[in-house]
Structure formats: C-alpha cells, structure tokens
There are 2 protein chains.
Amino acid sequence: MSRLLKKVHSPYVIRSLNFAQLQELAGEIRQEIINTVAKNGGHLSPSLGVVELTLALHYVFNSPVDKIIWDVGHQSYAHKLLTGRYKEFGTLRQIGGISGFPRPAESKHDVFGTGHSSTSISAALGMAVARDLKGDNYSVVAIIGDGAMTGGMAFEALNHAGHMKKDLIVVLNDNEMSIAQNVGALSGYLNRLRTDPMYSRGKEEIEQILRKLPAGPTLLRLIEKLKDSLKYLVVPGMFFEELGFIYLGPVDGHDIKAVTGVLQRAKSIKGPVLIHMLTKKGKGYKPAEDNPDKFHGVGPFDVASGEVKKKNAPLSYTEVFGRTMVKLAGSERNVLAITAAMSGGTGLTKFARLFPERFFDVGIAEQHGVTLAAGLASGGYHPVVAIYSTFLQRAYDQILHDICLQNLPVVFAIDRAGIVGEDGPTHHGLFDLSYLGSMPNMIVMAPANENELQHMLATALKCHGPVAIRYPRGAGVGCEIEDELKLLPIGKAEVLREGADLTLLAVGSMVGKAEEAAGVLSGMGIEATVINARFIKPLDEELILKYATITGKVFTFEEHVVKNGFGSAVLELLSSKGKKEVMVHRFGIPDCFIEHGSHSLLMEKYGLTVQQAVNFIAGQCVPRKVTKKLKLVFD
Amino acid sequence: MSRLLKKVHSPYVIRSLNFAQLQELAGEIRQEIINTVAKNGGHLSPSLGVVELTLALHYVFNSPVDKIIWDVGHQSYAHKLLTGRYKEFGTLRQIGGISGFPRPAESKHDVFGTGHSSTSISAALGMAVARDLKGDNYSVVAIIGDGAMTGGMAFEALNHAGHMKKDLIVVLNDNEMSIAQNVGALSGYLNRLRTDPMYSRGKEEIEQILRKLPAGPTLLRLIEKLKDSLKYLVVPGMFFEELGFIYLGPVDGHDIKAVTGVLQRAKSIKGPVLIHMLTKKGKGYKPAEDNPDKFHGVGPFDVASGEVKKKNAPLSYTEVFGRTMVKLAGSERNVLAITAAMSGGTGLTKFARLFPERFFDVGIAEQHGVTLAAGLASGGYHPVVAIYSTFLQRAYDQILHDICLQNLPVVFAIDRAGIVGEDGPTHHGLFDLSYLGSMPNMIVMAPANENELQHMLATALKCHGPVAIRYPRGAGVGCEIEDELKLLPIGKAEVLREGADLTLLAVGSMVGKAEEAAGVLSGMGIEATVINARFIKPLDEELILKYATITGKVFTFEEHVVKNGFGSAVLELLSSKGKKEVMVHRFGIPDCFIEHGSHSLLMEKYGLTVQQAVNFIAGQCVPRKVTKKLKLVFD
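Nothing here was measured: the structure is a model prediction, and the numbers come from that model. Residues take numbers from 1 onward in each chain, read along the sequence in its written order. Key to labels: chains lettered from A, ligands numbered from 1, both in the order written. Totals for whole chains, interfaces and linings use every residue, but because this is a predicted model, local features are given only for residues with pLDDT of at least 70 and side-chain atom pairs only at 80 or more, for both listing and counting. As a rule here, side-chain values cover all heavy atoms of the structure and leave hydrogens and water aside.

**Q** Describe the overall build of chain A, naming the residues involved and giving the relevant values.
**A** The helix count covers DSSP runs of H or I at least four residues long, the strand count covers runs of E at least two residues long, and both are numbered beginning at the N terminus. Each helix and strand in chain A was counted, giving 26 helices and 17 strands. Of all 635 residues assigned to chain A, the portion counted as buried reaches 64%. Counted over contacts in chain A with a minimum sequence separation of 6, partners at least 24 positions apart contribute 77%. If you sum the accessible surface of chain A, you get close to 22300 Å²; carbon and sulfur atoms cover 53% of it. Relative accessibility under 20% of the residue-type maximum defines a buried residue, over 50% an exposed one, and the middle range a partly exposed one, all with a 1.4 Å probe and only protein chains included. By the convention used here, residues are in contact when the closest approach between their heavy atoms is within 4.5 Å. Only the protein chains shown count as cover for residues, and all accessible areas are computed by the Shrake-Rupley method using a 1.4 Å probe.

Written as structure tokens, this is what we have:
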C-alpha cells in the first residue's frame, strides 16, 4: 500500500521524486498516520495538517545537516515517517516504541526535543548562532503554530532573533482561518511582491525617495491616512517585519509546489525570515477536518466512521471538575475560570458556554493567565486557573511572586498530575507538589477520588489565599458523586482504616492503591492504618504523628517524584517533631525522567502497583500478632 | 525645604496645584529621593525618571479608586511620596520601614505588589475585567518600561488585552533614546493626528474608501511601496496597534503639561490605549543622568560628588565570577555567556567587551535566554547562563523541559542566592535549591567562599549535563583567590573539622558560620565535625552517612527555605538509608516570605547568626567527654 513510503529509508530519497510523486507520497503518509493513530491514539489533526509542509521541508533542506525544529512537536509524525522510522511507526507512543514527540535520543533528525509550546525559535536561534560561531554553513528552520506564537517566549525569541540578524527561517504554521481572511484578497499579490528577490533592495530605495520628499501637511495627512488602512491589508506581515523578520506569505501549506518554492526563496535570503503558511488541521481525513479539536489528541478510533472507541469508564476527574465549576458558578458570583488554550481539555467547555463573561481563554500564555488571575483576585473575584500540571510549570514565578506573595485567593485546578501515559516525559505532571510545596501561603490538596475533587474545589473557593488541587488524567475511580458539596476542614486528613502494624499514608491517586494494599496485607496478618492525606500542605500534623508513633512504620504513597514530594514533607514533619524512631519509606517516582507508555505499564516499571507495594512492605514487617489489642492501642 | 511636598498628605491635594506648582513639587520630590537614596541606597535612576509622570498620573487619576500599577515597581518612590508616605520615607528599604517596591499591605495606593518584570499589564487587565464585571467605573493604568516590555508575559498580556478590548491604559515608559530617534521627525505630527478625537472614526472611513478603489496593479504597487517606507515612520506605534491598542505618543515624559494632556485623552478613549512616554533615567541629578546604569540600584553615595561610599570589602562573588569567566573563555573556545539585561549586575561587563561574539544579552527574557542556551548547547557550545536566583524562577519550565530533559551541558550561574537584603521579598533568592533539586540530571553546587566559586565554575564547565551554582549577593569572605583553577570531584563534600559530638553540615554562605559555631562550641566542650557540603545534588552520601552515624546528631545550615531545601535532602538520604537513629535539625529560612531589611538584621531575625546557632545546639547536646578517643572513632 505504501509503495513510495517504504522506499524512503532516509529523507534524501524524497529529493529524487517529482511533484506528482510527492503528492502520492503525501497520501501514503496520511494513510499511515490515520491507521496508526486509529490504533494507538495520538495527535492526529496537527500531524495531518503538515504533511505537505514536512515533505517540502525534507525536499528543500538536507536533514540532519540542516536543522528542522518542530515547536510542541505533536505534528512531527510525517517527519518521523520520512526520517527512517517508517518500520517502527506502528509502535508510536507505546512503551519502548516511537515517541509522539521529537526526541534527539530517537533519531539524529530530531535535533531538538519538544513537547511544551513556544520553545522552537529560541532553540533555533541558539543553533544558528552556534553555526556562525563555528563558521559552518547550514539552514535552521523552526516550525511553530499560530497558537504557540501567542506564548510569550516565542515573542522574546522573535525580538532577539530580529536583533541578532542571523540566517534563520521561522515557518508560522497558521491553521486558524480567521487570520487568513484578515489578510484578504491582496494576499496573493503581496506574496509575489514580497518574495521577489528585488524586494530587499527596493525597500531601501523607496525609503530614500520618501525621505527627500517635502514633508508638507497635505502629503503627511495622505500618508497617515493610507498607513492606517494599509495596516489592515498587510496583517500580520507588518508585525513580524517590525521585529526584524522578512515576511513571506501567506502560502497555501497544502500546495507542495508553492511550499517548496517559498522555502527555497527563504533559504536564499540573508537574515531572519518568517514564512506565513496556511494549513488545515486534520487535512485529508474528513472527520478530523470537520472536528479538528476532537482529533487534536485522540484515543483509538474507527477509521471509517471516525467514532472514538469508547471505554465503559467512570466519569473523568476533568468532567467532574467541569460540572462542579458550573454548579459553583451558579451560586457564587465571584467564581471565574481561566484556561490557557485548553477549554476542552480542562473540562470548561460548558462553563464557557453558560458563563461566557466569566470565562477567559488567554491562549497559550500560562504566565499571563496566572497574573491575570492575580489582577482579578485583587479586583474582588475568585478565579480558578485550570492548567495541566506540566504546563503550569511555565508560570512558576507568577504563582510565587504574584499570587503567593500577595496571598491572593486564586485556585489552581491542576489536571494531568502524575503519569499521563503515552505523551511521555514532556507531559507527565510529576513536579507540582515539589515546587508548590515550598511556596509560602500555598495550600495544596489532592483528591483520592472524583467525589472528593468536587468537595475540594468547593473548599478551595472558601479559602482566602492560594490553593492548588492536583488530580490525575482520565477516569475517576467510579465512586458515587454526592449531590451536595461539602467543605473539608483545611489541613485535615482522613483515616480510612486502622491497624497497629504500620501506617500507609497516601495522597491523591495512590489512596485507592494503599487501601487495596492494606486489604492484601491484612490477609497476610499485617494490619495497616490507611490515611488519605488530602492535604500535602499543610499536613495534618497531629494525625500523622499519632499514627506514626503508634505504628512506628510509615509508608508514603504519591504519584509524583519522591524528591521534595509528599513523602519528604512527612520526613520533614517527623524530623521537626523529633520523631526519629519512626521508619519511613516513600513510594513514588524516582529522580529521573519517565518515558512514554501506558499508565499501568509505567506504574509497574517504577514499582507502584499494589502487589509490588505489598511485597515490599511485607518484607519490612513481621506481623505483630497483637491486632486483637488494636482497640486498646488506639483509645 | 519640601514646602509643597509636606502638604501632600494625600494625592488629591495635587489636583489643586497649577503647573508651576507641580513643577516646583517635582523638584522637591527629586531632592527628597536623592537625599534618601544617598543615605539608604535604592533605585535612583528609575525613580528620578518618572517624577513628572507620577505627578501627572495623580493629577489626572483618582488613586486608589483609579488603579495605578507600577511594573517592576523600583520607580515608585515619587508615588510613595505623593500617597501619604512622605513622613516615613526616610525609612525607605530599612527593616520595618517603607518598602522599595509597591506593597498593598503598605498602602491602599499600592494596588498591586511588584518586583519582577513585565507583570503589570496582566494585573491591570485583570482589574479592568473585574471592574466591568462589577459594573464599576474607574481607570486602570499600568506603567511599564521599554525593558520590561521585552519580557514575554508583557506580550502575552498585550495580545490578550487587545483582544478583550477593555478600557485600559498602558504607559510605555521609554527611556532608551534609540527608540525615540527611530520615530524621527514626523513623531510630533503623528502624535497630534493620532490623539485627535476624530482618529478612530477617520480610520474606518479611509478603510472603506480604499476597499472600493479599483485594485489595479499600479495602485497596489504604489501602496506596497508606501507601506514599506511608512512602516519606519511609525515605529513602534504600528506594532502596538496591530495588537489592538490605540497608540498615543511619543510624549516628552518630563513635560507635565504634555503628560497630563495625553493621560486625559487616554482616559476618554474606549478600549486599550498605549501611551509612548519618553523619559530620561536619572533625570534631574547630573551624576545619574550621566551614568544611569550605576545609579539604577545604588548603595549610599555622596550627593555633591555622586561618589558611592565604598566599603573596604573583599572581592564580591559577582566579581570573582566575572573574572573567572574571562579566564575560562580565554582557554576554552566553547564557553559562552548569556545574561538577561544584567551584564553589569552579573559581573559580565568585561567578558562582553573581550568576547562580544560569545556574549548574549537577551533583554528581560529569562525564558528565551535559557532555551537559547539549550540551542547553543545542541550546537556544540557550553553556555553559562548568569541570572539572579529570583529571576531564574521565570525560566523554571525551560530549565526542566529544555535543558534537564535533554541533559544538555548548560551552566546556571545563580547570583543573589539567599537573602539579598533591602530589596525584600520579591528579590530574595530563597527557592532555587528547592526547585532545582527535584529536576532530574541537574547538579547543584554552592561555594563556601569566592575562591571555591571559581573552582566550581571550572568544574561545571567540564560536566556533560546541566549544572547550577548558587552564590550570594555581595562581598566574599576575603579568602585568597588561587591562581590555578581546580576541578572539584562531583558530589564530594569537604570535611573542615572533625569532632565526635555532632556534625554541622553546611552549604554555601553558611559554611563559614558553621565553622565559627564549631569553634565556639569547642570552647564549651562540645566537639563538632564541620562539613562543607559543596554539592546539594548529588549529595556526598558516603561522607554524610559516615559522620551522621558517628556523631548521631546532624545540624544542617543553608541560606534557603528549609522546605524542600538542603536539609530536607539530608533527611531524604538518611531515611532512604535507614539511618533513623540520627537526629537532624535544619537551620534555614522558615516557610514564609521574608521582608526587606539589612542582611544581618534579617539573619538574626530568623535565628541564623552564629551565636543563635550555638545557643540552640548547646541546648541539644551534652558534651560527651570522649573527645580524646576521637582519632580512634574516625579511623
């Protein structure tokens, strides 16, 4: 079926093909991507949108000598297929298989690892500078979406690149039709004019002529009037040109001939160039074209119908968060919601529809989103900032400096905390407890189940300072969702089971596992106290000290790095209270980056299944045979 | 002397003054600022640059009903003087006195706390949205420098504010003459035209006319040519207008009449407005005008001569860092230096002069700076990113996602780590060990003195992955600086003194104090082992375990929050090795924000003087009277 694709063992093969063959190859790539993502899940729409662009890039540039950097990187599937990974492509996003993002360790053609947004121009500029310092001669190309371009660091990089004047190509992969329409009917003409090799010289000449013209008021008024109108004719080129880039485009990103043409021109221009490329997310697969959001990142689906294969799973944490937000907003006028380009992913779609004036999508701009919340809180509102754990890292300083220092009432709803699975190391949310834990004034909670999540959200909105709630990706545990929202006492844990032999002190997604482990241990004659910590900060000091003292052995459980995590907070507590007789073992993620793969396989790999916990704990404990006295001990 | 100023108990008083009186008041404010900063130190140039602007703001707007937000906030001295803090102004930056930055807790006129750059537009937009949601009616004004405007989050905020179309005024306080010159001779005319109330309507009319014109190639070519030339005539207005702002200016920021005029116009315009204000840093004080950098943030100085009062202090860590960079760059071609608008502050001025092509000042753009380093490292270089501890927080995600995940050889030279003194909570560097400590692949060091700093830098540049070196603000300990650079063994601590009673395990600036404490304790019959940890990550596990086991008591010392800090890493180590018999006490900064004040007073307040440590430790230890057997114990 993939007649041409299977011959492309290296990207140089592409350069021997004619345009008709490239077109055919594009079709084969699309089919391969659709079939693989239908099986494994993945980022379908972004990858389908850049098939022709990817072909053209490898046609014009000589990877890996020339450097191609994919911003975010979820659109790199075609790039992977064309750079020697066709055979392994079926393992996409599976443990030990091909990553869903560029990874230098995977291929020399992945020159820079990406996953988070808006990093590519900075990295590309660094490579361009390194090239010139070494006196080498190659092209550096960053491909960045119009969404990623709203991230502040992309602007910082454009601003610096324009100043440095290095040879550098930025491809703005624009899949928002609104921008294309703004450009309007003049775009084709402007494009031809601007990509004309005479352009750079011509500009200077005109400038000199205009400088010499008598600057009488009539002419100036005319100029001024024209300027305002013209501005709208050339959006967004003017914007980039003011930052020091030569703007080429817009170009139809699905016309291979046009794309190779503009790339070749860009290659010959000195200094930074921005190519405005118009593409369609999901291109070539009708269900994805019609519903690019749904197919942005998607689970396994049926190719013919486009139906996502549904699991009979309980309500997700995300859904419960979204429902609770709607519920709370109905009764509390002060509740606002902020998202950074993730209204669907964070479960806020319904909130946005019902309370449009209280919903703020700031784009891929986590830093601004957090400080916007600070401003809203200063103005008397109680904003809930819903950002995935890994992306909230982008706003570390704003959380500390703008929210915590001023002790402002802002709630952080941190979805995708823990191991997220197939998206891998750039997307796991494994550091939030560590960095939030050392921020003064911050309260940090994690629900043991989706029912507790709704109570925690209600509780957080009663607090007068910053509160973070972290919860995992995907389905909840399937518990009953109570109708009435409850306020949880701040800093109070919950005892789920009492046993005199040891204490299992768990937080968030690990509470259920600790309970299960306690059940198995009990069958072995080891009786465990199980505590749902609920709060990572402040800890329920009294309760933890009580059970730690009684049992003498504490096992902490968290889906988070153990370095500076929940277990370490328990160590700090016990040390500060002089409880040195208590043995502590911390279950969690080791101090390394975690690869991609299914959640369950990764949990097993890092020793976090119930059975693994039981085996370890049983090895540490000799049953005391005193469990009859349990009641006495605790009274 | 301050005839008018002493009458301004509240900003509304200003509104009864005429322009001549305002001018006189401006002079009084300048004198007050100069005299106070000459005594206490502080941010002189920024505050002198905005005296007229501040007067005009309080003349036109009704603070605190109208909200005035100072980006960074180091320019807020005049604002403080005009908002009821004239009498206390002599306590500026002293412990318990007036803060050098806006603080809501200090005054209702400080509506948003600042200190870090580029936050004001986000906060202002939040307040504007809150205002409209509540149906209130007041103005919101953010004052942001041209430097702060290069920070990505300012762009994120402009982008969002332009989209939201809220009434919002951004004053771009532009003190770089280069921008003013770019605007050129047409600026006065354009300004009059653009601030004309007819402007908004006129624009639409012209657009409609142009749309109806026959778009023949000749006209289009003319338009295109004009456009390119015009672009340069209207920089930077066009840039902001494309983001949805109405651009007013440029205005002479020292002409009170002009400034009040443009502020009044801005107040009457619907939607977001950007006022381009030209000011001179250090205005009105000749030494500061001539040398605005030196007087940006300055210690006590002589008003008449402008001479900074020099202390006979040892070389600073900053100077040693700068010298070592120059030394290393001479022998190692791969060494590059990156700073974020702090070449002087980080000690890189000489490096920049000697190796201009290997030095990169990215502006106030820490995120881009770090990922630029990632790109440079990918291109075969070894960049040293020199950013103050508190500002590096802005790049948390880039350090983790772009550097550590790819294990790239980048060195972070983290100056101003620890308590920085008078600049207060926004500037103390107290969180770096916590957030860097949980990043996989990161090596973290802290030198005990300035001589060790140079060796650490040389060592870091031999590593193949990320390394962070944190060191304090100000003078070193005055030790000898060895000529030859040494490579320190990675993860190895240094035993400075042996004693069997207890172990003092210190890092960075606290090593000297631990040694001193050991001396005092020895006089009391308590013999301490003193260890200079050198590495916070990886810890010297073997050495620490050895002395912890022998002495049974470990006291850790760090100038950093104890939450998730160095001492907690020691707890983690001891726990993971099952050393539960060892008692640990952690000296460090508690889990709260630390106010401004002198370093020594703050260290005392938080119990970190030698005597306080000795008193605490002596209370925990009964001398063992076994010190004669010391040699035996250790062999």
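Past the structure itself, the notes keep going.
**Q** I'd like a description of the packing of aromatic side chains, backed by residues and values.
**A** Here is the rule: rings of Phe, Tyr and Trp (six-membered ring for Trp) pair when centre to centre is within 6.5 Å. Planes less than 30 degrees apart are stacked, more than 60 are edge-to-face, and the remainder are tilted. Within this structure, the stated rule accounts for 32 aromatic pairs over all chains. Geometrically, the ring pair formed by Y388 of chain A and F391 of chain A is stacked, given 5.7 Å between the ring centres and 20° between the ring planes. The same class applies to Y388 of chain A as to F391 of chain A, namely buried. Counting every residue linked through ring pairs, the aromatic cluster contains Y396 and Y435 of chain A together with Y396 and Y435 of chain B. Geometrically, a charge over a ring is one whose NZ (Lys) or CZ (Arg) sits within 6 Å of the ring centre while staying within 35 degrees of the ring normal. The positively charged end of R131 of chain A is found above the aromatic ring belonging to Y138 of chain A, 6.0 Å away from the centroid. A cation over a ring is seen here: R358 of chain A above F355 of chain A, with NZ or CZ 4.9 Å from the ring centre.

**Q** Describe helix 25 (residues 610-620) of chain A, naming the residues involved and giving the relevant values.
**A** Residue and element names in this part refer to chain A. Inspection of helix 25 places V610, A613, V614 and I617 among the buried residues, and these make up the whole buried set. Each buried residue of helix 25 sits inside an arc of 100° when the element is viewed along its axis, so together they form one side. For helix 25, the secondary structure elements touched by its buried residues are strand 13 (502-506), helix 21 (510-523), strand 16 (553-561) and strand 17 (583-589). Here the arc refers to the directions that run from the helix axis out to each C-beta atom.

**Q** Residue-level account of the pattern of salt bridges, with values.
**A** A side-chain nitrogen of Lys or Arg and a carboxyl oxygen of Asp or Glu constitute a salt bridge if their distance falls within 4 Å. Following the criterion strictly, the structure yields 50 salt bridges over all chains and no others. Across the pair E24 of chain A and R3 of chain A runs a salt bridge whose closest N-O atoms are separated by 2.9 Å. Separated by 21 residues along the polypeptide, E24 of chain A in helix 1 (residues 19-40) and R3 of chain A in the segment before helix 1 bring together distant segments of the chain. Taking the relative accessible area as the measure of exposure, E24 of chain A reaches 33% and is therefore partly exposed. For the salt bridge of E572 of chain B with K563 of chain A, the shortest nitrogen-to-oxygen distance reads 2.8 Å. Placement of E572 of chain B in helix 23 (residues 566-576) and of K563 of chain A in the loop between strand 16 and helix 23 (566-576) is noted, with the two residues assigned to different chains. The residues E572 of chain B and K563 of chain A share a single accessibility class, namely buried. What emerges from the salt-bridge pattern is a single network uniting K80, R85, E106 and D110 of chain A.

**Q** Summarise the sheet that holds strand 17 of chain A; cite the residues concerned and give the values.
**A** All names here are of chain A. One open sheet holds the five strands; their spatial order is 12-14-13-16-17, and the pairing between them is mixed. One side of each edge strand has no neighbouring strand; the edge strands of this open sheet are strand 12 (494-497) and strand 17. Shown here is a sheet whose adjacent strand axes are inclined to one another by a mean of 25°, direction ignored. Any two strands with at least two DSSP-identified bridges between them are counted as paired. Here three bridges tie strand 12 to strand 14 (residues 528-532), and the two strands are oriented antiparallel to one another. Bridging from a neighbouring strand, E494 pairs with N532 of strand 14. Only the stretch in contact is used when fitting a helix axis, every axis being a line fitted to C-alpha atoms; angles between N-to-C directions are given from 0 to 180 degrees. Across the sheet, helix 25 is in contact with strand 13, strand 16 and strand 17; its angle to strand 16 comes to roughly 155°.

**Q** So what's going on with the packing of helix 6 (residues 152-164) of chain A against helix 6 (residues 152-164) of chain B? Residues and values would help.
**A** Interaxial distance between helix 6 of chain A and helix 6 of chain B falls to 7 Å at its minimum, and their mutual angle equals 115°. Taken as axis vectors, helix 6 of chain A and helix 6 of chain B run roughly perpendicular relative to one another. In the crossing of helix 6 of chain A with helix 6 of chain B, the sense of the turn from one axis to the other is right-handed. Note on element contacts: helix 6 of chain B touches helix 6 of chain A through G152, F155 and E156 of chain B, opposite G152, F155 and E156 of chain A. Residue classes in the contact of helix 6 of chain A with helix 6 of chain B are distributed as two nonpolar, two polar and two charged. These descriptions rest on fixed angle ranges, namely under 35 degrees for roughly parallel, over 145 for roughly antiparallel, 65 to 115 for roughly perpendicular, and the rest for oblique. Helix crossings are classified by the rotation of the near helix relative to the far one: an anticlockwise turn of less than a right angle makes the crossing left-handed, while a clockwise turn makes it right-handed. Amino acids are sorted into nonpolar (Ala, Val, Leu, Ile, Met, Phe, Trp, Tyr, Cys and Pro), charged (Asp, Glu, Lys and Arg) and polar (every other residue, Gly among them).

**Q** Which residues make up the nonpolar core, and what are the values?
**A** One finds F412 and L504 of chain A together with F412 and L504 of chain B to be the most contacted residues of the largest nonpolar core, which totals 244 residues. The contacts of L504 of chain B, once residues within four sequence positions are left out, are A514, A517, A518, L521, A528, T529, V530, I531, F555, F557 and I617 of chain B. Nonpolar cores were defined as sets of buried Ala, Val, Leu, Ile, Met, Phe, Trp, Tyr and Cys residues, with membership established by side-chain atoms within 4.5 Å.

**Q** If you had to explain the sheet that holds strand 12 (residues 494-497) of chain B to someone new, which residues and values would you point to?
**A** Residues and elements named next belong to chain B. Across the sheet, five strands lie side by side as 12-14-13-16-17; this open sheet has mixed pairing. Among the strands making up the open sheet, the edge pair consists of strand 12 and strand 17 (583-589). Pairwise comparison of adjacent strand axes, ignoring direction, gives a mean angle of 25° for this sheet. Its contacts with the sheet put helix 21 (residues 511-523) on strand 12, strand 13 (502-506), strand 14 (528-532) and strand 16 (553-561), and the angle it makes with strand 13 is roughly 160°.

**Q** An account of the side chain of S120 of chain B is requested, with residue identities and associated values reported.
**A** Mapped onto the fold, S120 of chain B is located in helix 5 (residues 120-134). For S120 of chain B, the contacting residues outside a window of four places in its chain are I69, D71, A142, I143 and I144 of chain B.

**Q** Please set out the environment of Y606 of chain A residue by residue, giving values where relevant.
**A** All names here are of chain A. With respect to the helices, strands and loops of the structure, Y606 is situated in the loop between helix 24 (599-605) and helix 25. When the C-alpha positions of Y606 and P590 are compared, they lie 7.7 Å apart, and in sequence the two are 16 residues distant. Beyond its immediate chain neighbours, meaning those up to four positions away, Y606 contacts G588, P590, C592, F593, I594 and E595. In the analysis that follows, any N or O atom pair within 3.5 Å is treated as a polar contact, provided that within protein one partner can donate a hydrogen and the other can accept it, and provided that, for residues neighboring in sequence, both atoms belong to side chains. Looking at Y606, its side chain comes within polar contact range of the side chain of E595, at 2.8 Å.

**Q** Give me the packing of helix 16 (residues 366-378) of chain A against helix 6 of chain B: which residues, what numbers.
**A** Direction vectors running N to C along helix 16 of chain A and helix 6 of chain B enclose 70°, while the axes themselves pass 8 Å from each other. Relative to helix 6 of chain B, the element helix 16 of chain A is oriented roughly perpendicular. Across the interface between the two elements, E366, Q367, H368, T371 and L372 of chain A of helix 16 of chain A pack against M153, E156, A157 and H160 of chain B of helix 6 of chain B. Of the residues assigned to the contact of helix 16 of chain A with helix 6 of chain B, the class counts are three nonpolar, four polar and two charged.

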